[in-house]
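Residue-level structural notes
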Amino acid sequence: MPVATPTRPESVHVRIGGRWIAGEALSRRTAATGAPEILISHHGHLVWVDQDQVRTP
């Protein structure tokens, strides 16, 4: 299992379903496939998202 590295919470936009939504980046890790991922919080929901789907506002 990949190890997550905590970061300071950072405001970001996340592309989900073709739309950009506001969220907060909480942690980063490298997936088993080698792709970088970011842990995103949005209204209490947590999800790991591919780094390519995240941008800073």
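Values in this document were obtained by computation on a predicted structure and should not be read as measured data.

Let us look at the nonpolar core. Listed in full, the seven residues of the largest apolar core are Val12, Val14, Ala25, Ile38, Ile40, Val49 and Val54. Those elements giving two or more residues to this core turn out to be β1 (5-16) and β3 (36-42). Aside from chain neighbours lying at most four places away, what touches Val49 is Val14, Pro36, Glu37, Ile38, Ile40 and Val54.

The next point concerns the packing of aromatic side chains. Per the counting criterion, the structure on display carries zero aromatic pairs. Here the guanidinium or amino end of Arg29 rests over the ring plane of Trp48, the centre of that ring lying 4.1 Å away. It is Arg55 that lies over the ring of Trp20; its NZ or CZ is 4.0 Å from the centre.

Definitions and cut-offs
Residues numbered from 1 in each chain as written. Predicted model: local features only at pLDDT ≥ 70, side-chain atom pairs only at ≥ 80, totals over all residues. Heavy atoms only, no water. Core = buried A, V, L, I, M, F, W, Y, C linked by side-chain atoms within 4.5 Å. Buried < 20%, exposed > 50% of the residue type's maximum accessible area, 1.4 Å probe, protein only. Helix = DSSP H or I, 4+ residues; strand = E, 2+ residues; numbered from the N terminus. Contact = heavy atoms within 4.5 Å. Phe/Tyr/Trp six-rings, centres within 6.5 Å; stacked < 30°, edge-to-face > 60°. Lys NZ or Arg CZ within 6 Å of the ring centre and 35° of its normal.

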